[in-house]
Amino acid sequence: MKYLLSCILIAQFFIGVCQLTVNDIPPGIMDGADAVLLFDKGEFTITEDDHAFFKVKQRIAILNGEGKNRFAVKALGYDRLIKVKSFKAELFDQFGKSIKQLKKSEIQDVSAISGFSIYEDNRLKVADLRHAEYPFIVEFEFELEYKYLYHIPNWRLLPGDEVGVMISTFKITSPMEYEPRYKVMNIEDRSRRSESDGQVVIEFAYENLKPIISEPHKPKNVRPEIVCSSSKFRFEDYEGDLSTWESFGHFQNSLNNGLDNLPVATARKMRELTEPYTTTEDKARVIYNYLQENTRYVSIQLGIGGWQPFSNSIVDEYGYGDCKALSFYTQSLLKSVGIESHYTIVYSGSGGAPELDPNFSNTQFNHVILCVPNKGDTLWLECTSQTNPFGYAGRFTGNRDVLLVTKNGGKLARTPYYPPEVNTQTTTALIDVDNNFNSAANVSISYAGLQYENRNIDYVSNQGEDDQGQWIQKNLVVPGFQMTDFEMNNNRDIIPSVDLNVKFSSTKLFNSVGNRYFIQPNLFTRETYVPDRDSDRKFDISINMGYMDSDSLVFNIPEQLRPEFLPEPTTIESEFGSYSSSMSFANGILTYVRKVMIKDGTFDKEKYDAFRNFRKSIVRADKQKIAFLKKT
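Being a predicted model, the structure only gives us computed values, none of them experimental.

(A) Here's a closer look at the layout of surface pockets. Looking at the second largest pocket, its volume works out to about 800 Å³. Considering the residues around the second largest pocket, the lining is formed by 29 residues, among which Asn-454, Arg-455, Glu-527, Tyr-547 and Asp-549 are closest to the centre. For the lining of the second largest pocket, the secondary-structure elements that each account for two or more residues are β27 (439-448), α10 (465-475), β32 (541-543), β33 (547-556) and α11 (608-622). Sorting elements by how many residues they give to the lining of the second largest pocket places α10 first, with 3 residues. For the lining of the second largest pocket, the class distribution of residues is 13 nonpolar, 9 polar and 7 charged.

(B) Focus on the pairing of strand β24 (residues 401-406). In terms of residue burial, β24 counts as a mostly covered element, since 6 of its 6 residues are buried. Here β24 shows two buried faces, one formed by Asp-401, Leu-403 and Val-405 and the other by Val-402, Leu-404 and Thr-406. Here strand β21 (residues 342-346) runs beside β24; their pairing, made up of 4 bridges, is antiparallel. Paired with Thr-344 across the strands is Leu-404, a residue of β24. Note that β24 and strand β25 (residues 409-414) share 6 bridges and pair antiparallel. Bridge pairing in β25 links Val-402 to Ala-413. Between β24 and the antiparallel strand that follows it, β25, lie 2 residues.

(C) View of empty space enclosed by the protein. Under the counting rule described, the total for this entry stands at 2 cavities of 30 Å³ or more. Reported here for the largest cavity is a volume of approximately 50 Å³. Residue composition of the lining of the largest cavity, grouped by class: 3 nonpolar, 5 polar and no charged. What the second largest cavity holds in volume is close to 40 Å³. Every residue lining the second largest cavity is listed: Pro-567, Glu-568, Pro-569, Ser-581, Ser-582, Met-583, Tyr-592 and Gln-624. With 3 residues, strand β36 (residues 577-586) is the largest single contributor of residues to the lining of the second largest cavity. Residues of the lining of the second largest cavity, tallied by class, amount to 4 nonpolar, 3 polar and 1 charged.

(D) The arrangement of the packing of aromatic side chains in detail. Considering all chains together, one arrives at 37 aromatic pairs under this definition. The aromatic ring of Phe-360 is capped on one face by Arg-181, whose charged end is 5.2 Å from the ring centroid.

(E) Quick look at the packing of helix α4 (residues 264-274) against helix α5 (residues 280-294). The contact between α4 and α5 brings their axes to 9 Å, and the two run at 130°. On the basis of their axis angle, the class for α4 and α5 is oblique. For the pair α4 and α5, the crossing hand works out as right-handed. Two secondary-structure elements touch here, α4 through Thr-266, Lys-269, Met-270, Leu-273 and Thr-274 and α5 through Lys-283, Val-286, Ile-287 and Tyr-290. The residue makeup of the contact of α4 with α5, split by class, is 5 nonpolar, 2 polar and 2 charged.

(F) Structural detail: the sheet that holds strand β8 (residues 123-128). As summarised here, the arrangement of the 3 strands in space is β3-β8-β6, forming an open sheet in which the pairing is antiparallel. Because the sheet does not close on itself, it has two edges, and the strands there are β3 (73-78) and β6 (108-111). Across the sheet, the axes of successive neighbouring strands diverge by a mean angle of 25°, strand direction being ignored. Pairing between β6 and β8: 4 bridges, direction antiparallel. Paired with Ser-111 across the bridge in β8 is Arg-123.

Calculation notes
- Residues numbered from 1 in each chain as written.
- Predicted model: local features only at pLDDT ≥ 70, side-chain atom pairs only at ≥ 80, totals over all residues.
- Heavy atoms only, no water.
- 1 Å grid on protein atoms, 1.4 Å probe; cavity = no way out; pocket = protein on both sides within 12 Å on 5 of 7 lines; lining within 4 Å.
- Points joined across faces, edges and corners; volume = space filled by probe spheres on them.
- Helix = DSSP H or I, 4+ residues; strand = E, 2+ residues; numbered from the N terminus.
- Nonpolar A, V, L, I, M, F, W, Y, C, P; charged D, E, K, R; others polar.
- Buried < 20%, exposed > 50% of the residue type's maximum accessible area, 1.4 Å probe, protein only.
- Pairing = 2+ DSSP bridges.
- Phe/Tyr/Trp six-rings, centres within 6.5 Å; stacked < 30°, edge-to-face > 60°.
- Lys NZ or Arg CZ within 6 Å of the ring centre and 35° of its normal.
- Axes fitted to C-alpha atoms, helices over the stretch in contact; angles between N-to-C directions.
- Parallel < 35°, antiparallel > 145°, perpendicular 65-115°, else oblique.
- Left-handed = near helix turned anticlockwise from the far one by under 90°.
- Contact = heavy atoms within 4.5 Å.

As structure tokens, this is what we get:
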């Protein structure tokens, strides 16, 4: 009955669809919203095992500038496997009166080729309906033709934060033998399935979805969404079955078969290079170094080439390839010296990746790396980078589910997790202060684990001195900082680090007020971040990266000064981490010691105030100063 009422409601709305205005938005749907989808209707129709059509019509109320920038411009990507059959765009005022309908010539057609790509046919059709007076309404209607079913678009019920939805419907129509699978995420499953004349129809209908408001440390992947995936399909000359992770792996193997044509001379060279070594790790390291010295990354995105590597002989001859080709090439280099490895499909990015459901295989990936079994100490190789440390997954591919493509098909695994005690920043410094309050300092900072990537120091450490010097000037924010010398060393180990040594002078470490001289001894690693207040927290607290900082600073203070008082040591213990700092003074030497540990993980939303207070306490402690008086 509930579903029937929903369908009746939807039918009533679509009868007068062009008349929906801002005034029709129900209470609560607009609260905190930048835009509201008055309706969002999608139909995905599969006609054959390699052919489908995707029709969408949506009408969106734009409420402010943020909504305009996010939703008043529609871009449709296409290539030789996806064709834009039709695209319409129309602008209305808030009362539903038409202002402008874009002509075909007003819809831009632009290249979407990335700067590092040499083979790519991606293009965009862009409709721009941005308007100056709020609120206003935009309407987009388009149809895409898919010439493959390897990937089926998901249906995002809420296409972002601060967006409300009045009506959202999605229908999948398919021959029974090619019926796709689906999974409803973060909302009640309201699907209805029916069969007729060998066809399957799956329908979804939702109404009055309130906006999800952005929150500090909100977990990812909390928006309601219908995730879709093929079962049986054909992709150009290849037949596949994505109904299980195992069958997914078999399909990828079929794409890779016949491309392992590593030249005999290269295989012989690999055996010669690795002959002095006995362990899998040492041999793999030598081959990885060879890869980095002899190849470079380019993007290849032509047709099935978006999922299939090109042959080893091409990589070997020309010295370039995309993530698929370079990973497959490295796999063959390793195979030539008797080392087994697995072509590994992953969703990459520093923001993390969706969890993979063992019971629902799909194609939510964007990158390929290589997995090398090593007697319980698995090695993970990023084959596209000429500078990445051997075996380091880092923020880009670390701590997430991946699909190993083995000879027995696909198998889920997980890349390395980097705990807080591995992600360290260790600072030591000696600062000499003369009678005129001029300071000369020698500081050493080591960035290790995931902190190896702090503010791109891993990249800068491979650049020239000018870039390195600019990085130091920007990131060592010390009063009156005047650098006199520096050295930056990149230690490309499995747990990598960058060691930075800097000498500098300053005339501004001390501030005077009357006969008092103040210094803030925590010069290098002050915490400043406190999350915003959130009195109506909706989601749990997610902390993606844990870390540990350790500081030990020694100041040689002029004999004319004595401390007026020393702040008491600070100790903060919390389920979110810990903090301690202390100052001591003896024989003209001020010593400052600080340690902080932040835990990663997910914490109950009811503890948000405690989390915020923990951060506030650290910031407050890091601001502590010590006052000196001149001796009389």
